[in-house]
Amino acid sequence: MRLATLTSGGDCPGLNAVIRSIVRTASSEYGSTVVGYQDGWVGLLEDRRVDLYDDEEIDRILLRGGTILGTGRLHPDNFKAGIDRIKENLADAGIDALIPIGGEGTLKGAKFLSDNGIPVVGVPKTIDNDVNGTDYTFGFDTAVSVATDAIDRLHTTAESHDRVMIVEVMGRHVGWIALHAGMAGGAHYTVIPEVPFDINDIVKAMQRRFQMGEKYGIIVVAEGALPKEGTMQVEEGEVDQFGHKTFTGMGQQIANEIKRRVGQDVRTTVLGHIQRGGTPTAYDRVLATRYGATAAMAAHTGQFGTCVALHGEDISVIPLEEAVGKLKTVPLRRYERAQAMFG
């Protein structure tokens, strides 16, 4: 059997671990070969492929962040218009099954290919942990670890200067990183996209801290958080070609309001792409390896139109439509329990 794989969307710690696992499982368990398409769907459309061998070089990529295949984004209209060319490229390369690795957008593309007769097994990837149907995606643990480390460091400098420190983390539509990093780092307030915030509540929480003799405050803000309607004016960002809103710095906007109302020094740290780079944690390496091995096995047993998923301690395959039907958001009860730690 001849497999192909690609990485699409944003880069993520653990991508190389999946690639390595697919190659080694295909080779050692089935005697199969693997082709990698470069730069995501664009590489598949333009037939930019490289052979991936089960050798020392592939073995060493386990430790590396990013992706050796490169990644990128392709507009959905261009992707759909290229279906015939994609089929031709896969046939020309002798590909029996494709294993795309990516987030919700990539898995939607995988479902489109599957619906058009291409054998596909998807692997969910995103630091946001927002793919439906799986408990966790690889990359999430690394992102939370990076954010938690930053929060830990900001505690000491915030206390030294009697400041409120705001940490803005990734999370366009969901607040999993903000919630977990806020809890792990002992933040005094966490703001997530699923629950519109009231700036008055945040201001009061910080006021209480200083009135009670505390010397500082830490607030974690997901980049996609928004205020309750009518409670705070915000700057509106533009929308890019993929339909993504350009963020205008919600952390800084909240900081400006706190400084104006509380009178304390307020500083903002935007972690941005730091959360996506670097070496994956041990947890993410293991999860990514298990995902890759399961995807390779699913491809060899004909379980197409599926996506690998983690349920408890077990990894299985689920229909692609279950993975892309909706985003996995933070349940309200999880956020309400975390609120006991606020203030």
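This is a predicted model, so every value here is computed, not measured. (Residues numbered from 1 in each chain as written. Predicted model: local features only at pLDDT ≥ 70, side-chain atom pairs only at ≥ 80, totals over all residues. Heavy atoms only, no water.)

1. Observations concerning the domain arrangement of the protein chain
Taken domain by domain, the protein chain comprises domain 1 (2-139 + 280-325) and domain 2 (140-277). Taking only C-alpha atoms into account, the centre of domain 1 sits 33 Å from that of domain 2. Opposite the 20 residues of domain 1 that make contact, domain 2 presents 17 residues. Counting each side, the surface lost to burial between domain 1 and domain 2 is near 1400 Å², with a carbon and sulfur contribution of 59%. One can count one salt bridge joining domain 1 with domain 2. Here aspartate 11 makes a salt bridge to arginine 276, at a shortest N to O gap of 3.2 Å. In this assembly, domain 1 and domain 2 are joined by seven residue pairs in polar contact (both at pLDDT 80 or more). Tallied by class, the residues present in the side of domain 1 that touches domain 2 amount to eight nonpolar, seven polar and five charged. (Domains from an automatic or database assignment. Contact = heavy atoms within 4.5 Å. Buried area = accessible area lost by both parts, 1.4 Å probe. Salt bridge = Lys/Arg side-chain N within 4 Å of Asp/Glu carboxyl O. Polar contact = N/O pair within 3.5 Å; in protein donor to acceptor, adjacent residues only side chain to side chain. Nonpolar A, V, L, I, M, F, W, Y, C, P; charged D, E, K, R; others polar.)

2. Quick word on the sheet that holds strand 2 (residues 33-37)
The mixed open sheet is built from seven strands, whose spatial order is 3-2-1-4-5-10-11. A strand with exactly one partner marks an edge of an open sheet, and here the two such strands are strand 3 (49-52) and strand 11 (314-319). For this sheet the average axis-to-axis angle between neighbouring strands, irrespective of direction, equals 30°. By the bridge criterion, four bridges tie strand 2 to strand 3 in an arrangement that is antiparallel. Looking at the pairing, valine 34 lines up with leucine 52 of strand 3. Across the sheet, helix 6 (residues 104-115) is in contact with strand 4 (97-102), strand 5 (121-124) and strand 10 (306-311); its angle to strand 4 comes to roughly 160°. (Pairing = 2+ DSSP bridges. Helix = DSSP H or I, 4+ residues; strand = E, 2+ residues; numbered from the N terminus. Axes fitted to C-alpha atoms, helices over the stretch in contact; angles between N-to-C directions.)

3. Observations concerning the sheet that holds strand 6 (residues 163-169)
The parallel open sheet is built from four strands, whose spatial order is 7-8-6-9. Lying at the two open borders of the sheet, with one neighbouring strand each, are strand 7 (189-191) and strand 9 (265-270). Strand-to-strand, the axes of this sheet are offset by a mean angle of 20°, without reference to chain direction. As paired strands, strand 6 and strand 8 (residues 217-222) are joined by six bridges and run parallel to one another.

4. Let's talk about the pairing of strand 10
The element strand 10 is largely enclosed, with a buried count of five among its six residues. Pairing geometry for strand 5 and strand 10, over two bridges, is parallel. Note on strand 10: the bridge partner recorded for valine 121 is threonine 306. Both strand 10 and strand 11 contribute to a ladder of six bridges, which runs antiparallel. Within the sheet, the bridge partner assigned to alanine 309 lies in strand 11 and is serine 316. Remark: two residues form the turn of the hairpin made by strand 10 and strand 11, two consecutive strands paired antiparallel; glycine 312 in that turn has positive phi of roughly 70°. (Buried < 20%, exposed > 50% of the residue type's maximum accessible area, 1.4 Å probe, protein only.)

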